[in-house]
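# Inside the fold
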Amino acid sequence: MWSRALKRQTAESEPVDWDAVYAEQLPRVYNFFRYRFGDSALAEDLTAATFEKAWVARERYRSDLGAFSTWLFTIAQRVGIDHLRARRDEAPLEAAHGHAAPGSPEEEAQRRSDMARLGELLAGLAERERELVAMKYGASLNNRMIAQLTGLSESNVGSILHRVTKRLRAAWDEEK
């Protein structure tokens, strides 16, 4: 998934091409937060905060210690933790003004229903399991990268994700 330019840059300890990194990693970071918190607007804000923190700390990145994406997702994890610490469960009504839903009302209702069900199922998971699911399916990280970020072994990550996915599928099918 890594671009050749980014691999070459990090391998040679050259400066990182931030335009390429942003274009390549933005969807992964956004999806990590989208899966983790279930809110598109919040995912956008946290993604922006992650890239801002990475930009400010760009001189501290060392390619000899790990892949750039690992460094970036470590920042994303910390941004998520900071959000949870400062979170408020309220949103002003004005925030919903002017947001039109794509597709037909029926499609949107089904999508919202499915997302709500998935959100409820994910909320029932342990914190560590939710984070692993967000990394795997939201950010499309592989088990090796997740293991590096969490300190778990690669096989442990795979086992946990397999069990969680199996439980989620069973719960999804029960509710149908």
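Up top you'll find the structure we're talking about.
Notes on the structure in this doc start here. Per chain, residue numbering runs from 1 following the sequence as it is written. Only residues with pLDDT of at least 70 get local features here, since the model is predicted, and only at 80 or more are side-chain atom pairs given and counted; chain-wide, interface and lining totals rely on the full set of residues. The side-chain values count all of the structure's non-hydrogen atoms but skip hydrogen atoms and water molecules.

## Some points on helix H8 (residues 154-175)
Along an α-helix, residues three or four positions apart point the same way, because every turn accommodates 3.6 residues. Here a helix means four or more residues in a row that DSSP labels H or I, a strand means two or more in a row labelled E, and each is numbered from the N terminus. Multiplying 1.5 Å by the helix residue count minus one yields the expected span of that helix. For H8, with 22 residues, the first-to-last C-alpha span of 32 Å sits near the 32 Å given by 1.5 Å per residue. When H8 is considered as a whole, its buried residues turn out to be Val-157, Ile-160, Leu-161, Val-164, Thr-165 and Leu-168. Projected onto a plane normal to the axis of H8, the buried residues spread over an arc of 130° and lie on a single side. Of the exposed residues in H8, those oriented more than 90 degrees away from the buried face are Ser-155, His-162, Lys-166, Arg-169, Asp-173 and Glu-174. Only heavy atoms enter the contact rule, under which two residues are in contact if any of them lie within 4.5 Å. Of the surrounding secondary structure, the elements contacted by the buried residues of H8 are helix H5 (105-123), helix H6 (127-138) and helix H7 (143-150). A 1.4 Å probe rolled over the protein chains alone gives each residue an accessible area, and that area as a share of the maximum for its type sets the label: buried under 20%, exposed over 50%, partly exposed in between. This arc describes the spread of directions from the helix axis toward the C-beta atoms.

## A word on the side chain of Gln-77
With respect to the helices and strands, Gln-77 occurs in helix H4 (residues 68-86). Overall, the relative accessible area of 11% leaves Gln-77 in the buried class. With residues near it in sequence (within four places) discarded, Gln-77 still touches Phe-32, Glu-131, Met-135, Leu-149 and Thr-150.

## Concerning the environment of Tyr-22
As for its position among the elements, Tyr-22 is in helix H2 (residues 18-37). In this structure the C-alpha to C-alpha distance between Tyr-22 and Phe-51, which are 29 residues apart in sequence, comes to 7.8 Å.

## Notes on the pattern of salt bridges
Each salt bridge in this description consists of a side-chain nitrogen of Lys or Arg and a carboxyl oxygen of Asp or Glu lying within 4 Å of one another. Applying the stated criterion to the full structure yields eight salt bridges. Linking Glu-108 and Arg-112 is a salt bridge whose minimum nitrogen-to-oxygen distance equals 2.7 Å. Of this pair, Glu-108 and Arg-112 both sit in helix H5, separated by four residues, roughly a single helical turn. Taking the relative accessible area as the measure of exposure, Glu-108 reaches 7% and is therefore buried. Of the charged contacts, one joins Glu-129 and Arg-167 as a salt bridge, the two residues approaching to 3.0 Å between their closest N and O atoms. Of the two residues, Glu-129 is situated in helix H6 and Arg-167 in helix H8; the sequence distance between them amounts to 38 residues.

## A closer look at H7
All buried positions along H7 are accounted for by Asn-143, Met-145, Ile-146, Ala-147 and Leu-149. Buried residues belonging to H7 abut H2, H4, H6 and H8. Any pair of nitrogen or oxygen atoms within 3.5 Å is treated as a polar contact; in protein, a donor-acceptor pairing is required on top of that, and neighbouring residues in sequence qualify only through side-chain atoms on both sides. The N-cap of H7, judged by a side-chain oxygen 3.2 Å from the amide nitrogen of Arg-144 a few residues on, is Asn-142. Gly-151 sits one or two residues past H7 and shows a positive phi near 85°.

## Here's the deal with the packing of aromatic side chains
Side-chain rings of Phe, Tyr and Trp (the six-membered ring for Trp) are treated as a pair once their centres are within 6.5 Å; stacked means planes under 30 degrees apart, edge-to-face means over 60, and tilted covers the remaining angles. What the rule picks out here adds up to seven aromatic pairs. Taking 5.3 Å as the distance between ring centres and 50° as the angle between the ring planes, the aromatic pair formed by Phe-68 and Trp-71 counts as tilted. One end of the pair, Phe-68, and the other, Trp-71, are both in helix H4, three residues apart, so they sit about a helical turn from each other. Since its relative accessible area comes to 1%, Phe-68 is described here as buried. Trp-71 sits in the buried class, given a relative accessible area of 18%. Among the aromatic residues, ring-to-ring pairing joins Phe-32, Phe-33, Phe-37 and Phe-73 into one connected group. A ring is scored as having a charge over it whenever the NZ atom of a lysine or the CZ atom of an arginine sits within 6 Å of its centre and within 35 degrees of its normal. The cationic tip of Arg-36 hangs over the ring face of Phe-37; the distance from NZ or CZ to the ring centre is 5.3 Å.

## Points about the nonpolar core
For this analysis, a nonpolar core means a set of buried residues of the types Ala, Val, Leu, Ile, Met, Phe, Trp, Tyr and Cys, connected via side-chain atoms within 4.5 Å. Judged by nonpolar contacts, the single largest core of 40 residues is most densely connected at Phe-32, Phe-33, Phe-68, Trp-71, Phe-73 and Leu-141. The set of elements that each furnish at least two residues to this core consists of H2, helix H3 (40-56), H4, H5, H6, H7 and H8. Residue contributions to this core peak at seven residues, all from H4. Residues within four places of Trp-71 in sequence aside, it is in contact with Trp-18, Ala-54, Ala-57, Arg-58 and Tyr-61.

## Considering the layout of surface pockets
Remark: the empty space left among the atoms is shown by a probe the size of a water molecule rolled over them. Computed over the protein atoms alone on a 1 Å grid, cavities are sets of points where a 1.4 Å probe fits but cannot get out and pockets are open sets with protein on both sides within 12 Å along at least five of seven lines; a residue lines them when it has an atom within 4 Å of a point. Grid points are joined across faces, edges and corners, and a volume is the space filled by probe spheres set on the points. Computed from the structure, the second largest pocket encloses a volume of approximately 250 Å³. Every residue lining the second largest pocket is listed: Tyr-35, Leu-118, Leu-121, Leu-122, Val-133, Tyr-137, Thr-165, Leu-168, Arg-169, Trp-172 and Asp-173. Listed by contribution, the elements that provide at least two residues to the lining of the second largest pocket are H5, H6 and H8. The element contributing the most residues to the lining of the second largest pocket is H8, with five residues. Gly is put with the polar residues, along with every residue not named as nonpolar or charged; the nonpolar set is Ala, Val, Leu, Ile, Met, Phe, Trp, Tyr, Cys and Pro, and the charged set is Asp, Glu, Lys and Arg. A breakdown of the residues in the lining of the second largest pocket according to their chemical character gives eight nonpolar, one polar and two charged.

Interpretation in functional terms is not warranted from these geometric data alone.
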